[in-house]
Amino acid sequence: MQAIQAIAQAVSGTKADALGWSGNDAAAGVGGSAAAPGTPFAGLVTGAVRSMNALNQQAASLTEGLMEGTGVSINQAMIATEKADQAFELALAVRNKAVAAYQQVMNLQF
């Protein structure tokens, strides 16, 4: 969920709530808000990938701690694993959309 919030904040330039919705979404429509001026798209993608990687590392360390019996509860491990899974699914969906857009542009005839 933190990755979704980070992406929503980066795209809209505003602070997102717990569901990833920013204050501009209601007025502009979902996804209708523009990126903050001067924020390159590559920086947004890099930040999202770093956030996804951090969630994955946290899930791995909590799962390892659960297996070793170092006081990590199964709830913590499962929540961290689900967060990492959701971040990965979001990144995969963005990649698939980007590839589809690239293929569509390449098929244009001038």
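Residues numbered from 1 in each chain as written. Predicted model: local features only at pLDDT ≥ 70, side-chain atom pairs only at ≥ 80, totals over all residues. Heavy atoms only, no water.

Asker: How would you explain the overall build of the protein if you had to name every residue and give the values?
Answerer: On a plain count of helices and strands, the protein comes out with four helices and zero strands. In the protein, the succession of helices and strands from N to C terminus is α-α-α-α. Within the protein, the proportion of its 110 residues that are buried is 19%. Of the contacts made within the protein by residues no fewer than 6 positions apart, 36% connect residues no fewer than 24 positions apart. As displayed, the protein has an accessible area near 7,800 Å², and 62% of this comes from carbon and sulfur atoms. (Helix = DSSP H or I, 4+ residues; strand = E, 2+ residues; numbered from the N terminus. Buried < 20%, exposed > 50% of the residue type's maximum accessible area, 1.4 Å probe, protein only. Contact = heavy atoms within 4.5 Å. Areas by Shrake-Rupley, 256 points an atom, 1.4 Å probe, with all protein chains shown as cover.)

Asker: Go over the nonpolar core with me, naming the residues and quoting the values.
Answerer: Within soluble globular proteins, side chains that are nonpolar generally end up buried alongside one another. Of all hydrophobic cores here, the largest spans eight residues; its members are M52, L55, A59, L62, V72, A80, A84 and A87. For this core, the elements supplying multiple residues, two or more each, are helix 3 (41-68) and helix 4 (74-106). In terms of residue count, the dominant contributor to this core is helix 3 (four residues). (Core = buried A, V, L, I, M, F, W, Y, C linked by side-chain atoms within 4.5 Å.)

Asker: Mind laying out the packing of helix 3 against helix 4, listing which residues take part and the relevant values?
Answerer: Helix-helix packing is described using two parameters, namely the angle between the two axes and the distance between the axes. Relative to each other, helix 3 and helix 4 sit at 155°, their axes nearing to 8 Å. As judged from the angle between their axes, helix 3 and helix 4 are roughly antiparallel. Here helix 3 and helix 4 pass one another in a crossing that is left-handed. Packed against helix 3, whose contacting residues are M52, L55, N56, A59, L62, T63 and L66, the element helix 4 presents I74, Q76, A77, A80, T81, K83, A84, A87, F88 and A91 at the interface. Broken down by class, the residue content of the contact of helix 3 with helix 4 amounts to 12 nonpolar, four polar and one charged. (Axes fitted to C-alpha atoms, helices over the stretch in contact; angles between N-to-C directions. Parallel < 35°, antiparallel > 145°, perpendicular 65-115°, else oblique. Left-handed = near helix turned anticlockwise from the far one by under 90°. Nonpolar A, V, L, I, M, F, W, Y, C, P; charged D, E, K, R; others polar.)

Asker: Tell me about the confidence of the model for the protein, and name the residues and values.
Answerer: Taken as a whole, the protein shows an average pLDDT of 78; of its residues, 65% reach a score of 70 or greater. Here helix 2 (residues 25-28) is the element of the protein with the lowest mean pLDDT, 39, and helix 4 is the one with the highest, 94. Between residues 16-33, whose pLDDT stays under 50, and residues either more than four places distant or in other chains, the model counts 28 contacts. (pLDDT = per-residue confidence, 0-100.)

Asker: So what's going on with helix 4? Which residues, and what values?
Answerer: Its 33 residues place the ends of helix 4 47 Å apart at the C-alpha level, agreeing with the 48 Å of an ideal helix rising 1.5 Å per residue. Those residues of helix 4 not exposed but buried are A77, A80, A84 and A87. (Expected span 1.5 Å × (residues − 1).)

Asker: So what about helix 3? Which residues, and what values?
Answerer: The end-to-end C-alpha distance of helix 3, which contains 28 residues, comes to 41 Å, matching closely the 40 Å that a straight helix rising 1.5 Å per residue would cover. Among the residues of helix 3, those classed as buried are L44, A48, S51, M52, L55, A59, L62 and G65.

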